[in-house]
Amino acid sequence: MSEVESVEKFRALSPSEFFYRNREIAGFSNPARALYQTVRELVENALDATDTHHILPDIKVIIKSENSEGLKTSTASVEDSEGYEGILYSVQVEDNGIGLPPQHVPRAFGQLLYSSKYVLRQSRGMFGLGAKMAILYGQITTGKPAEVITSQILSKKIYYFKVSIDIASNTPIIHEFSIMDKSNEWHGTVVKTYLIGDWQRSKQKIYDYLRRTAIIAPYANIFFEDPEGNIVMFRRSTEEMPVPPREVKPHPYGVDVELLKRMLADTNTKTLLEFLVREFQHIGELTATKILENAKLKPNLKPSELTLNDITELMRSIKTFKIKAPSGKHLSFLGETLIVLGLRETLKPEYAAAVTRKANVYEGHAFVVEAGIAYGGKIPSVDKPLLLRYANKIPLLYDESADVMRKVVDTIEWNRYGVTLPAQLAVLIHICSTKVPYKGVGKEAVADVPEVEKEIELAVREVARKLKSYLARKAKEYEEAEKAVTIAKYIPDIARSLHILSDSKFSQENLEKELLQLLNKKLTMLKIKALKDIVVEVS
Ligand code: ADP
Ligand code: MG
């Protein structure tokens, strides 16, 4: 060993400082990506605050290029290592959601890893990072705090906060605070952040993001004003909303020693038996008794009295019992009608179909996979199927090649389903779960979890079969139509012969008309355009 003493310096990082140093892992890697990510995180929060609570979303997104006056010149424009140069923008997102209780606003927006979504309920947010990362990135690139205006549904007040993050201590700094009386029924939240962004380089992605959000949330109104002054309105095409997600208790197969320990410490139940029955999904008294017998634990033991050994034993015992899989009833998926509607409205295809699979389970988490398919019409011809990826109703736009959804779509032999690539083909995949297995906190790609991969494949194949039968039907109808066109050519001859055969009892003209009508009727039954159109097309 060397004689020299180690001079390593040790210290701890606060979560804010960690994410300040590693902001790219949450999607804030450069001014373009940061602008996109800011819009995305704020829109996600806006949607979570509305549709999750069965409110038809009315969302307003405004990005403005701000005059950099009042900013230190050094931060008015930054160039990063990839040569991205940004300028000052403000991003404002307003929703008509449930609003926030004022006492939670400072931490919800000024403390990383503070969230109301750390519960077993499907939501877009799950890490407790999104809004804070946008604010953090904003404050480090512009020095400006964020502004939040919020009012809850039954509240008579509107609250205003100017907030930023103390990075070293991961605590909120409140710069301004005021309360106003509310004279109308407005409820919801407005969040405004300032950042150095790059609109030109993120424009396409931001539009894509909003367009894809409109596909998966056809019941939302989304107003967008871009920094060039263009205004786009993604109008709702239906008022029908999916059933909102519900919070559930953990499934026994989803717990580990740590979670079990925490649940035992937090529970209000008096006995171990009661704890198992009340705090978990799908454990009845009989199963609970057996689990405890198997673990050699007394049913009337107080939950707080268990030793670490007891807890490990209890967990082992739980996992040896066959327990009904989580049902997925608490999940909020879109359903076939809404997916088809979304695809039709936005892609204007010739054909669209969708399937929603039954719930399945991975590591104790229920999940539902839905798939949609759109073909022809205004979809551009592509070498690989255009893929629209969604997780908990969030469009995923980056890291497509790392996503298990892309992997599955690329392994499908499309010609088995009547499609020869390149083709005008789009596939939509949506996974919803109380815990989506994302590859990173930026929530851009779904990991290759075998159960999930399998379900995705089954969903895509199922919906591809629908396309296949549509294409087969269409081919058959064309065949019939072609036959009809051939027959139609002989009609004048046949009519003339019949006219002669009938000793001129029937006029040739009437016979021709009737024969054509007969043929047309058959084609109408096949849902093919009237014969005269086809004849015109052919001649
Ligand atoms: P996450 O969405 O992962 O929970 P965020 O940092 O994006 O993390 O948001 C933190 C919390 O702030 C949310 O859990 C939510 O309770 C609250 N919140 C953020 N935006 C809104 C909003 N527009 N309306 C209501 N609540 C919001
Ligand atoms: Mg969020």
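This write-up is about the structure you can find in this document. Everything quoted here is computed from the prediction, not taken from an experiment. (Residues numbered from 1 in each chain as written. Chains lettered and ligands numbered in written order. Predicted model: local features only at pLDDT ≥ 70, side-chain atom pairs only at ≥ 80, totals over all residues. Heavy atoms only, no water.)

## Describing the overall build of the protein
Then comes step 1: Within the protein one finds 15 helices and 15 strands.
Then comes step 2: Relative to its length of 539 residues, the protein is extended, with a C-alpha radius of gyration of 30 Å against a globular reference of 24 Å.
Then comes step 3: Taking the principal axes of its C-alpha atoms as reference, the protein extends roughly 115 × 70 × 65 Å.
Then comes step 4: Scored against the burial criterion, the 539 residues of the protein give a buried share of 50%. (Helix = DSSP H or I, 4+ residues; strand = E, 2+ residues; numbered from the N terminus. Rg over C-alpha atoms; globule rule 2.2 N^0.38 Å. Buried < 20%, exposed > 50% of the residue type's maximum accessible area, 1.4 Å probe, protein only.)

## Here we look at the side chain of Thr-193
Then comes step 1: Relative to the assigned elements, Thr-193 resides in strand β7 (residues 188–197).
Then comes step 2: If sequence neighbours within four positions are ignored, Thr-193 has contacts with Thr-38, Leu-42, Tyr-89, Ser-90, Val-91, Ile-135 and Ala-146. (Contact = heavy atoms within 4.5 Å.)

## Here's the deal with the pattern of salt bridges
For side chains of opposite charge, pairing can occur when their charged atoms come near one another.
Then comes step 1: Taken as a whole and assessed by the stated rule, the structure comprises 35 salt bridges.
Then comes step 2: For Glu-44, the salt bridge goes to Lys-443, with nearest N and O atoms at 3.1 Å. Here Glu-44 is found in helix α2 (residues 31–48), whereas its partner Lys-443 is found in the loop between β15 (425–433) and α13 (450–501), with 399 residues between them in sequence. Considered together, Glu-44 and Lys-443 belong to a single accessibility category, that of buried residues.
Then comes step 3: A salt bridge links Lys-439 to Asp-448, with the nearest nitrogen and oxygen atoms 3.6 Å apart. (Salt bridge = Lys/Arg side-chain N within 4 Å of Asp/Glu carboxyl O.)

## Some words on the nonpolar core
Then comes step 1: Ranked by internal contacts, the top residues of the largest apolar core, which has 70 residues, are Ile-63, Phe-109, Ile-206 and Leu-343.
Then comes step 2: If we skip the residues at most four places from it in the chain, Phe-109 touches Leu-100, Ala-131, Lys-132, Ile-135, Val-148, Val-163, Ile-165 and Val-191.
Then comes step 3: Listed in part, the 40 residues of the second largest apolar core include Leu-387, Leu-396, Val-427 and Ile-456. (Core = buried A, V, L, I, M, F, W, Y, C linked by side-chain atoms within 4.5 Å.)

## A look at the site of ligand 1
Then comes step 1: Near ligand 1 there are 20 residues, and of these Asp-95, Ser-115, Ser-116, Gly-128 and Lys-132 occur at the shortest range.
Then comes step 2: Asn-45 has a polar side-chain atom sitting 2.8 Å from an oxygen atom of ligand 1.
Then comes step 3: One nitrogen or oxygen atom from the side chain of Lys-132 is found 2.8 Å from an oxygen atom belonging to ligand 1.
Then comes step 4: When ligand 1 sits alone it has 530 Å² of accessible area, and the protein chains cover 94% of it.
Then comes step 5: With respect to the pocket detection grid, ligand 1 is positioned in the second largest pocket.
Then comes step 6: Secondary-structure elements contributing two or more residues to the shell around ligand 1 are α4 (105–110) and α5 (130–142). (Near = heavy atom within 4 Å. Polar contact = N/O pair within 3.5 Å; in protein donor to acceptor, adjacent residues only side chain to side chain. Areas by Shrake-Rupley, 256 points an atom, 1.4 Å probe, with all protein chains shown as cover. 1 Å grid on protein atoms, 1.4 Å probe; cavity = no way out; pocket = protein on both sides within 12 Å on 5 of 7 lines; lining within 4 Å. Sits in = over half its atoms within 2 Å of the grid points.)

## Let's talk about the environment of Ser-116
Then comes step 1: Note that Ser-116 resides in the loop between α4 and α5.
Then comes step 2: What makes Ser-116 exposed here is its relative accessible area of 59%.
Then comes step 3: For the pair Ser-116 and Lys-348, spaced 232 residues apart in sequence, the C-alpha separation works out to 38 Å.

## Some remarks on empty space enclosed by the protein
The rolling of a water-molecule-sized probe over the atoms marks out the regions of remaining empty space.
Then comes step 1: Under the counting rule described, the total for this entry stands at one cavity of 30 Å³ or more.
Then comes step 2: Computed from the structure, the largest cavity encloses a volume of approximately 50 Å³.
Then comes step 3: Along the walls of the largest cavity sit Asp-48, Asp-51, Thr-52, Gln-122, Ser-123, Arg-124, Pro-245, Ser-332, Asn-392 and Lys-393, which together make up its complete lining.
Then comes step 4: Within the lining of the largest cavity, the residues separate by chemical class into one nonpolar, five polar and four charged. (Points joined across faces, edges and corners; volume = space filled by probe spheres on them. Nonpolar A, V, L, I, M, F, W, Y, C, P; charged D, E, K, R; others polar.)

## Let's talk about the side chain of Gln-139
Then comes step 1: By the secondary structure assignment, Gln-139 is in helix α5.
Then comes step 2: Once residues lying within four places of it in the same chain are set aside, the contact partners of Gln-139 are Lys-144, Ser-164, Ile-165 and Ile-167.

## Concerning the packing of α2 against α5
Then comes step 1: Here α2 crosses α5 at 145°, and the two axes come no closer than 8 Å. Two packed elements cross with a definite hand, and for α2 against α5 that hand is left-handed. Contact residues: α2 offers Pro-31, Ala-34, Thr-38, Glu-41, Leu-42 and Asn-45, while α5 offers Gly-130, Ala-131, Ala-134 and Tyr-137. (Axes fitted to C-alpha atoms, helices over the stretch in contact; angles between N-to-C directions. Left-handed = near helix turned anticlockwise from the far one by under 90°.)

## Structural notes on α2
Then comes step 1: When the terminal C-alpha atoms of α2 are compared, their 26 Å separation across 18 residues agrees well with the 26 Å that a helix rising 1.5 Å per residue should span.
Then comes step 2: Counting buried residues in α2 gives 17 out of 18 residues, a clear majority hidden from the surface.
Then comes step 3: The residue sitting at the N-terminus of α2 and contributing the capping side-chain oxygen is Asn-30; that oxygen lies 3.0 Å from the backbone nitrogen of Ala-32. (Expected span 1.5 Å × (residues − 1).)

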